[in-house]
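Descriptive structure summary
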Amino acid sequence: MSKIAFIYPGQGAQKAGMGKDFYEKFETAKEVFDQASQWLDLDMKELCFEENDRLDLTEYTQAAMVTTCLAMTKVVEEQGLHPDVTAGLSLGEYCALETAGGMTLKDAITTVRKRGILMEQAVPAGKGSMAAVLGMKAEEIEKITDTIEGVTIANYNCPGQIVISGVKEAVEQASEQLKNAGAKRVLPLNVSGPFHSQMLTEAGKELGKVLENVELSPLKIPYVTNVTAQYVEDIRETKALLERQISSSVRWQQSMENMIAQGVDTFVEIGPGKTLAGFLRKIDRSVKVYNIQNAEDMYAVVEACRKAEANS
């Protein structure tokens, strides 16, 4: 019997137009976008479906991503496909948490809007940066970042792709040393802040205050947290984990490896882009990986999972 995980992308995957066909074809998805517009006092149709500069800004991207992914998820579940466990990369963890039953749709969308604003404001422009390190083992990267104050690993994405983050000068220094130590490439990332670094610790504390007013519910299924790469089954752990998540490393590769070890053999990436599917192919090619970006994808994936279940 297949064990299915829904997985959700992070910031950076969002593109104008994503989710539009779900909005137009399914009343359930339309309701999610329309409700989000009311809750946030933003025109989510304009923000998500039309080309605009705001979609690149963290304070808007986060709300747009979560709204889009959860609108799509509601329709996928209406089609009869349900996960056994969920996970999301960074921002995507809020989608995972809502799908797992721990947070209401309203709280997921309104909380990430506040999270985006806190992260946008956390560090003055130009003070921090991030870079992707390609073709180098995590342990080799850690040896170098551990000797440089102000830089840490932000994302363990997959073998051969690690992201570093921190103080701009420290990231530049680490980048040079990593190139000299054998990294294939070190690419500066076009981001608005040094996400998942200690420079965002204060933003995490402020998010903790926001979360004090959010009521969480017992989980219907477990989700896997970025902070430890472990299954969370007790909702009482969640607020502290979400507070830490902003400044902690995203242990995505370790999360996927843990889920596979726990018997997950089918992963369904829901939302813009195919980034997570790409990571999974580098982590373990033996598992099935599907991607849902539009209604056509959804019908194909639901049918494939039904056939797999019938044959198991």
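For the structure itself, look to the data block above.
Summary of the structure given here. (Residues numbered from 1 in each chain as written. Predicted model: local features only at pLDDT ≥ 70, side-chain atom pairs only at ≥ 80, totals over all residues. Heavy atoms only, no water.)

1. Notes on helix α5 (residues 92–99)
The element α5 is extensively covered by neighbouring structure, given that eight of its eight residues are classed as buried. Residues of α5 that are buried: G92, E93, Y94, C95, A96, L97, E98 and T99. G101 lies just past α5 and shows a positive phi near 95 degrees. (Buried < 20%, exposed > 50% of the residue type's maximum accessible area, 1.4 Å probe, protein only. Helix = DSSP H or I, 4+ residues; strand = E, 2+ residues; numbered from the N terminus.)

2. Observations regarding the sheet that holds strand β5 (residues 161–167)
Spatial ordering of the open sheet is given by β4-β5-β3-β6, a layout of four strands whose pairing is antiparallel. In this open sheet, the two strands that pair with only one neighbour each are β4 (151–158) and β6 (185–188). Each adjacent strand pair in this sheet contributes to an overall mean axis angle of 25 degrees, direction not counted. Judged from the four bridges that link them, strand β3 (residues 128–134) and β6 form a sheet pairing that is antiparallel. Paired with L134 across the two strands is R185, which belongs to β6. Across the sheet, helix α7 (residues 138–145) touches β3, β4 and β5, and the angle it forms with β4 is around 170 degrees. (Pairing = 2+ DSSP bridges. Axes fitted to C-alpha atoms, helices over the stretch in contact; angles between N-to-C directions. Contact = heavy atoms within 4.5 Å.)

3. Re the pattern of salt bridges
Under the counting rule described, the total for this entry stands at eight salt bridges. When the shortest N-O distance is used, the salt bridge between K209 and E206 registers 3.1 Å. In this pair, K209 and E206 both sit in helix α9 (residues 201–211), three residues apart, roughly one turn of the helix. The exposure class assigned to K209 is partly exposed, which follows from its relative accessible area of 47%. Relative accessible area serves as the criterion here: at 30%, E206 is assigned to the partly exposed category. (Salt bridge = Lys/Arg side-chain N within 4 Å of Asp/Glu carboxyl O.)

4. What about the nonpolar core?
Core analysis: the biggest nonpolar cluster contains 72 residues, and M44, V66, L81, M103 and I292 have the highest contact counts within it. In terms of residue count, helix α4 (residues 58–78) provides more of this core than any other element does, 11 residues in total. Ignoring any residue separated from it by four or fewer positions in sequence, one finds L81 in contact with I4, F6, V76, V268, V301, V302 and C305. Counting 22 residues, the second largest nonpolar core, distinct from the first, contains I7, C158, V250 and V287. (Core = buried A, V, L, I, M, F, W, Y, C linked by side-chain atoms within 4.5 Å.)

5. Digging into the packing of helix α11 (residues 252–261) against helix α12 (residues 275–283)
Running from N to C, α11 and α12 point in directions that differ by 65 degrees, and their axes come no closer than 11 Å. Classified by the interaxial angle, the pair formed by α11 and α12 is roughly perpendicular. Here α11 runs over α12; the crossing is right-handed. Of α12, the residues touching α11 (which contributes W252, Q253, M256, E257 and I260) are L276, F279, L280 and I283. Taken together, the residues of the contact of α11 with α12 sort by class into seven nonpolar, one polar and one charged. (Parallel < 35°, antiparallel > 145°, perpendicular 65-115°, else oblique. Left-handed = near helix turned anticlockwise from the far one by under 90°. Nonpolar A, V, L, I, M, F, W, Y, C, P; charged D, E, K, R; others polar.)

6. Some thoughts on the sheet that holds strand β10 (residues 288–292)
Spatially, the six strands line up as an open sheet ordered β8-β7-β2-β1-β9-β10, and their pairing is mixed. Two strands in the sheet have a free side with no partner beyond their single neighbour: β8 (231–232) and β10. Against the sheet, α4 makes contact with β1 (4–8), β9 (266–270) and β10, and its axis sits at roughly 160 degrees relative to β1, the strand it touches most.

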